[in-house]
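Overview (structure and organization)
Listed below, chain by chain, are the residues.
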There are 2 protein chains.
Amino acid sequence: MSVDREHVLRSAAALLTRKSTSTMDEVAKAAGISRATLHRLFAGRDALVRALEGLGIEECEAALTAARLGDGTAQEAVRRLVRELEPAAGLLAFLYTENQLFEGEEQNEGWARIDAAIAALFRRGQQSGEFRIDLTPAWLTEALYGLMASGAWAVSEGRVAPKDFKHMIVELLLGGALRREES
Amino acid sequence: MSVDREHVLRSAAALLTRKSTSTMDEVAKAAGISRATLHRLFAGRDALVRALEGLGIEECEAALTAARLGDGTAQEAVRRLVRELEPAAGLLAFLYTENQLFEGEEQNEGWARIDAAIAALFRRGQQSGEFRIDLTPAWLTEALYGLMASGAWAVSEGRVAPKDFKHMIVELLLGGALRREES
DNA sequence: ACCATATGAGACATCATTGTCTCATCCCAG
DNA sequence: CTGGGATGAGACAATGATGTCTCATATGGT
């Protein structure tokens, strides 16, 4: 009888990824429940967004764990990270832009931890000599988010094939557009 | 006596870049005029956004012209393009996310022209052998927008120094994070 | 079969924003 | 100095979304 809260969260994420201004009514319809039930599950729109933020943080942290950022070369770790992050890309894109709205407000500490872990990975790559040192870890982290969001939108609008998502992001982030010498 | 429409547009762009959900009242205050006058200049919020879109398109096309995309190597052209685009980065970031809201609607043909010109530049770089061919021109174009938006936000939140904006974007887009062999 | 509970449908007040209007005031041109 | 147009301040209704409520219905467990 009880509605699957997880399912509601997932479909809300999917809808809000496509149209970030969807109303509670649209979110409810998309989940196949009534607005009343949606309000019983989440006290309001803010609560829903915060729940989505929690879900996003959970998925990111799961991805960080699964990617074992400390293992192997930093380059390999980045590839694993993007692979693990891919299923959450749409949600991340939504939350990424949503965060731009919070002008001064403190951001969830979960994001700070995630940012720090990813920045640490890039720093490790710099210290090992794999990554260039003229691009700061903070910027590389930001760029990873930005490329994930761009990739998610490009896929959802058919400009990039879903199967190419990971390749496009990882290759651009690591290798850039320039053709490399065959070394 | 007559209010400087251009100035209003600029300050609206600056405000909406930071907080994309600002109300007409906030936009008016930011421009130093009353809401009544703002409504006299722009029939409504839609008209304001469309005017901003027009401004963004103008600035992009001016940047495309100034960057002379056909001259020299494609790499040099990309560098010039980012440099010319930098002053409009905040506005572009706003419009980029704003466009995600228009689900099915036709997008302004101006963007299609701009997209085509940038994609053509990347294609030229591929044909000349400068750029790798496994990243599609459409994706490289999308990634350029995404990195510009990420860069604009990172600067506005103090995570990246304004003077590094161009370098961070161009270097990541062209060269990627990996350290290159000293060739 | 029965009861408890969850759900759906919808009414309702509230709230913020928008768009329109009026009117007083200001400022520049003549 | 004066008249006319532009502006600012604010009132007002309309709109759309939200949050709360009630009640009928459906569903699931006992």
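Residues numbered from 1 in each chain as written. Chains lettered and ligands numbered in written order. Predicted model: local features only at pLDDT ≥ 70, side-chain atom pairs only at ≥ 80, totals over all residues. Heavy atoms only, no water.

Per an unreviewed UniProt entry, the recorded name for chain A is TetR family transcriptional regulator, and the organism is Streptomyces lacrimifluminis.

All names here are of chain A. What the domain assignment lists for chain A is domain 1 (1-42) and domain 2 (56-175). For domain 1 and domain 2, the distance between their C-alpha centroids amounts to 26 Å. Listed per partner, the contact involves 5 residues of domain 1 and 5 residues of domain 2. Taking both partners together, domain 1 and domain 2 bury about 460 Å²; carbon and sulfur atoms supply 61% of that area. For the interface between domain 1 and domain 2, the tally reads 1 salt bridge. Glu-59 is paired through a salt bridge with Arg-10; the nearest N and O atoms lie 2.4 Å apart. Here the residues of the side of domain 1 that touches domain 2 sort into 2 nonpolar, 2 polar and 1 charged. (Domains from an automatic or database assignment. Contact = heavy atoms within 4.5 Å. Buried area = accessible area lost by both parts, 1.4 Å probe. Salt bridge = Lys/Arg side-chain N within 4 Å of Asp/Glu carboxyl O. Nonpolar A, V, L, I, M, F, W, Y, C, P; charged D, E, K, R; others polar.)

Moving on: helix H6 (residues 89-101) of chain A. Residue and element names in this part refer to chain A. Helix length check: H6, at 13 residues, gives a terminal C-alpha distance of 19 Å against a target of 18 Å (1.5 Å per residue), a fit within 8%. Burial analysis of H6 places 11 of its 13 residues in the buried class, the great majority of the element. Within H6, burial applies to Ala-89, Gly-90, Leu-91, Leu-92, Ala-93, Phe-94, Leu-95, Tyr-96, Thr-97, Glu-98 and Gln-100. (Helix = DSSP H or I, 4+ residues; strand = E, 2+ residues; numbered from the N terminus. Expected span 1.5 Å × (residues − 1). Buried < 20%, exposed > 50% of the residue type's maximum accessible area, 1.4 Å probe, protein only.)

Residue and element names in this part refer to chain A. Helix H5 (residues 74-85) packs onto helix H4 (residues 45-67) with a crossing angle of 140° between their chain directions and a minimal axis gap of 8 Å. In this structure, H4 crosses over H5, and the sense of that crossing is right-handed. Facing Cys-60, Ala-63, Leu-64, Ala-66 and Ala-67 of H4, the residues of H5 in contact are Arg-80, Leu-81, Glu-84 and Leu-85. For the contact of H4 with H5, a count of residues per class yields 7 nonpolar, no polar and 2 charged. (Axes fitted to C-alpha atoms, helices over the stretch in contact; angles between N-to-C directions. Left-handed = near helix turned anticlockwise from the far one by under 90°.)

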